[in-house]
Amino acid sequence: MKLILIAAHDPHLVIGNNGSLPWHYSEDLKFFKKQTMGHPIVMGRVVFEELKEKPLPGRENIVLSRSRSYDHVKTFSELELALEYLCGEEKVFIIGGGEIYRQTLYRADQLIITEIKSEHKGDTWFPEYRDQIGDKWVEEWRESHPEYDFVIYTAK
Ligand SMILES: NC(=O)c1ccc[n+]([C@@H]2O[C@H](COP(=O)([O-])OP(=O)(O)OC[C@H]3O[C@@H](n4cnc5c(N)ncnc54)[C@H](OP(=O)(O)O)[C@@H]3O)[C@@H](O)[C@H]2O)c1
């Protein structure tokens, strides 16, 4: 199973503010959809609330929470149990938020990053990984746009 973290961050690794995204780029949302479609996605309870507790279609939605469980979506109270459940999958996407990225970065096989070029106010950050580019992370692909770049890093 390939574990992939997919995130958009600003130049200071900001990913969120007040429980939502600090920016809106429809092309980034389309990119996210294209990458994740057909594969399981794992998210923290805060992200699921941001989605108004509506699972994203066409993907198995897995929510991590120690405090809640939902009738309409598979919930795990431990990350390890979720990953065990998903171990037969070809690709599993970790879609955030900050707490879940922090717990999974060290074991990720790939990072799919939207580098937002403008700075944003935030209260949630992606964990530091850029100090390991060239060491642990190899930049495999980059597509540049005026306001953001899409980048794929693969673990060595
Ligand atoms: N820019 C991006 O790409 C991106 C992507 C995703 C999210 N975001 C942003 O990130 C922010 C949300 O991130 P966040 O760090 O506040 O919250 P989060 O990671 O979405 O969720 C945290 C919650 O997940 C549960 N949890 C965490 N670790 C767990 C574990 N090991 N086992 C079981 N449950 C676990 C806990 O829920 P309980 O409290 O219920 O126990 C915890 O409170 C929002 O602002 C959102 O917009 C940005």
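For the structure, check the block above.
Here's what I pulled together on the structure shown here. Only a predicted model underlies this, so the values are computations on that prediction, with no experimental measurement involved.

1. Digging into the pairing of strand β1 (residues 2-9)
Working step 1: Counting buried residues in β1 gives seven out of eight residues, a clear majority hidden from the surface.
Working step 2: Where β1 lies against strand β6 (residues 91-94), four bridges are found, and the strand directions are parallel. Within β6, the position partnered with K2 by the bridge is K91.

2. Comments concerning the site of the ligand
Working step 1: In the vicinity of the ligand there are 31 residues, among which A8, R45, S65, S67 and Q103 approach most closely.
Working step 2: A distance of 3.0 Å is found between a nitrogen atom of the ligand and a backbone nitrogen or oxygen belonging to I15.
Working step 3: Measuring from an oxygen atom of the ligand, one finds a backbone N or O atom of G97 at 3.1 Å.
Working step 4: If the ligand stood free it would expose 940 Å²; the protein chains cover 89% of that surface.
Working step 5: Only β1, β2 (14-16), α2 (45-50) and α4 (98-104) provide two or more residues apiece to the shell around the ligand.
Working step 6: At five residues, α4 tops the list of elements feeding residues into the shell around the ligand.
Working step 7: Its residues assigned to classes, the shell around the ligand comprises 13 nonpolar, 13 polar and five charged.

3. Overview of the nonpolar core
Working step 1: Formed by 26 residues in total, the largest nonpolar core has its most connected members in L5, L111, F126 and Y129.
Working step 2: Every element with two or more residues in this core is listed here: β1, β4 (61-64), α3 (79-85), β6, α4, β7 (110-116) and β10 (148-155).
Working step 3: Listed in part, the 22 residues of the second largest apolar core include I41, M43, F93 and F150.

4. Some thoughts on the pattern of salt bridges
Working step 1: Per the counting criterion, the structure on display carries nine salt bridges.
Working step 2: In this structure, E139 engages R142 in a salt bridge whose closest nitrogen and oxygen atoms are separated by 2.9 Å.
Working step 3: Residue E139 is classed as partly exposed on the basis of its relative accessible area of 38%.
Working step 4: Between D149 and R142 there is a salt bridge, and its shortest N-O distance comes to 2.7 Å.
Working step 5: D149 sits in the buried class, given a relative accessible area of 7%.
Working step 6: For R142, a relative accessible area of 32% translates into the label partly exposed.
Working step 7: Salt bridges here are not isolated pairs; linked through shared partners, they connect E115, K117, E139, R142 and D149.

About the cut-offs
- Residues numbered from 1 in each chain as written.
- Predicted model: local features only at pLDDT ≥ 70, side-chain atom pairs only at ≥ 80, totals over all residues.
- Heavy atoms only, no water.
- Buried < 20%, exposed > 50% of the residue type's maximum accessible area, 1.4 Å probe, protein only.
- Helix = DSSP H or I, 4+ residues; strand = E, 2+ residues; numbered from the N terminus.
- Pairing = 2+ DSSP bridges.
- Near = heavy atom within 4 Å.
- Polar contact = N/O pair within 3.5 Å; in protein donor to acceptor, adjacent residues only side chain to side chain.
- Areas by Shrake-Rupley, 256 points an atom, 1.4 Å probe, with all protein chains shown as cover.
- Nonpolar A, V, L, I, M, F, W, Y, C, P; charged D, E, K, R; others polar.
- Core = buried A, V, L, I, M, F, W, Y, C linked by side-chain atoms within 4.5 Å.
- Salt bridge = Lys/Arg side-chain N within 4 Å of Asp/Glu carboxyl O.

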